[in-house]
Amino acid sequence: MLAVTTLAAPFVAGCATEPDTIRLLDVSDAGSGRSSCRDDTQCAADRPRCEPNEHQCVECLSATECPMGMSCSSTTHSCQDRCASGADCAGLDRRVCNGDGACVQCASDDDCPASTATPHCDQLSGTCVECLVPTDCDPRPCFDDCLTCVSNKCVWRT
């Protein structure tokens, strides 16, 4: 009986530190310059908005939060110079000028090379992705496991 008590003690002691894991939203996201957040009140002045899906402090969520003549990138959530055409985006990894006047990776599937792992354009974020709908993943009929589209990635559905 003593051995069981001795073995159980470390597990019980380990539970005492468990609430600290909840504090993950309070620590900085190393390397990105962004901080984790639940709402705007937890963000600093240089990144005053809390992005609701990623829970990261960002510079902007819409163009109205940027200085005149700038747009808010839907991928980086930062204010960028407005573009009038793709020529204004030359030399960037986001070479397409979208309808909002922001340089993005793509505006349609035509901007994403079909030979890559990301042949479809998510127009909401302006990025090339693996899939938009389940049929983008695997056109072959299947019986048990099939690929399906989850968060713009092809995953096995079981």
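About the cut-offs
The written sequence of each chain sets the order in which its residues are numbered from 1. Under the rules for a predicted model, residues below a pLDDT of 70 receive no local features and side-chain atom pairs below 80 are neither given nor counted, while totals for whole chains, interfaces and linings still include all residues. Side-chain measures here rest on the full set of heavy atoms in the structure, leaving out hydrogens and waters. Any residue under 20% of the maximum accessible area for its type is buried, any over 50% is exposed, and the rest in between are partly exposed; the area is computed with a 1.4 Å probe on protein chains only. By the criteria applied, helices consist of DSSP H or I runs no shorter than four residues and strands consist of E runs no shorter than two, each listed in order from the N terminus. Strand pairing requires that DSSP identify at least two bridges connecting the strands. Note that a disulfide, as used here, is simply two cysteine sulfur atoms within 2.5 Å.

## Examining unusual backbone geometry
Working step 1: A positive phi angle is found at S151, which is not glycine, with a value near 50°.
Working step 2: The exposure class assigned to S151 is exposed, which follows from its relative accessible area of 67%.
Working step 3: You will see that N152, though not glycine, has its phi angle at about 60°, which is positive.
Working step 4: Positionally, N152 belongs in the loop between β11 (146-150) and β12 (153-157).
Working step 5: Overall, the relative accessible area of 24% leaves N152 in the partly exposed class.

## Topic: the pairing of β12
Working step 1: Sheet topology note: the β11/β12 ladder contains 5 bridges and is antiparallel. Along β12, the bridge assignment pairs T148 with V155.
Working step 2: Once β11 ends, the chain turns through 2 residues before running back antiparallel as β12, passing S151 with a positive phi of about 50°.

## Concerning the state of the cysteines
Working step 1: Evaluation of the coordinates by the stated rule reveals 10 disulfides.
Working step 2: Each disulfide pairs two cysteine sulfurs, and for C43 the partner residue is C57, the sulfurs being separated by 2.2 Å. Its torsion about the S-S bond being -85°, the disulfide of C43 and C57 is classed as left-handed. Remark: C57 occurs in strand β4 (residues 56-58) and C43 occurs in the loop between β2 (34-35) and β3 (49-51); sequence separation between them is 14 residues. For the pair C43 and C57, one class covers both residues: buried.
Working step 3: Residue C66 pairs covalently with C79 via a disulfide, S to S 2.2 Å. Looking down the S-S bond of the C66 and C79 bridge, the torsion is -90°, so its handedness is left-handed. In this pair, C66 is assigned in the loop between β4 and β5 (70-72) and C79 in strand β6 (residues 79-81), connecting sequence segments 13 residues apart. For the pair shown, C66 and C79 are each scored as buried.

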